[in-house]
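What follows is the residue order along each chain.
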Amino acid sequence: MATTKREDSAKAAAAEQISQAVQSTANLLRLMQDSSPAQAQLMKLPKNLLEKSSLAKSTEKVLEQLPHVISTLDAYMESSLHSAAQIKTVSQLLSNMESSQLKSLFSSYQAQEKPVDTDYRKNEVS
């Protein structure tokens, strides 16, 4: 719980600093527009810079959600790694079963072929 309070205060401080930076930039732009000979270029800059503070609030909301997103991704990756080990084990079991079945089929095929070969040789000798 102490971690959450620290995170909340850190987020609030970051949002406040962003808002102050936007406010300072807007004030500086106003001063520059009033005193600068290059007003034409300054007019190209965003006129509604103060309205950009909503972007700072949106950023704050995203930052609030980020720890949850990271922990969810971490849990998903952990689960995926566990699943990968299980998939490898199942794959090995299936491969062993297939190999065993093939050996069994080959052995039974050879067993069926031997009497035919023996009979064939007996017929040749006679």
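First things first, this report covers the structure right here in the doc. (Residues numbered from 1 in each chain as written. Predicted model: local features only at pLDDT ≥ 70, side-chain atom pairs only at ≥ 80, totals over all residues. Heavy atoms only, no water.)

### Observations concerning the overall build of the protein chain
Here is step 1 of the chain: A tally of helices and strands in the protein chain yields 3 helices and 0 strands.
Here is step 2 of the chain: The buried share of the protein chain, reckoned over its 126 residues, is 7%.
Here is step 3 of the chain: Of the accessible surface of the protein chain, which amounts to about 10,900 Å², a share of 60% is contributed by carbon and sulfur atoms. (Helix = DSSP H or I, 4+ residues; strand = E, 2+ residues; numbered from the N terminus. Buried < 20%, exposed > 50% of the residue type's maximum accessible area, 1.4 Å probe, protein only. Areas by Shrake-Rupley, 256 points an atom, 1.4 Å probe, with all protein chains shown as cover.)

### Re the side chain of Lys11
Here is step 1 of the chain: Residue placement: Lys11 occurs in helix H1 (residues 2–35).
Here is step 2 of the chain: One buried charged side chain, Lys11, makes no salt bridge at all; its nearest oppositely charged neighbour is Asp8, positioned 4.3 Å away.
Here is step 3 of the chain: Ignoring sequence-local partners within four residues, the contact set of Lys11 consists of Leu63, Glu64 and Pro67. (Lys, Arg positive; Asp, Glu negative; His and termini not counted. Salt bridge = Lys/Arg side-chain N within 4 Å of Asp/Glu carboxyl O. Contact = heavy atoms within 4.5 Å.)

### Digging into a nonpolar patch on the surface
Here is step 1 of the chain: On the surface, Leu63, Leu66, Val69, Ile70 and Leu73 cluster together to form a nonpolar patch covering roughly 420 Å² of accessible area.
Here is step 2 of the chain: By the element assignment, Leu63 lies in helix H3 (residues 53–125). (Patch = residues over 30% accessible without salt bridge, like charges linked within 9 Å, V, L, I, M, F, W, Y side chains within 5 Å.)

### Description of the environment of Ala12
Here is step 1 of the chain: Structurally, the position occupied by Ala12 is in helix H1.
Here is step 2 of the chain: Exposure remark for Ala12: the relative accessible area of 40% places this residue in the partly exposed category.
Here is step 3 of the chain: As a C-alpha pair, Ala12 and Glu64 span 52 residues in sequence and 9.8 Å in three-dimensional space.

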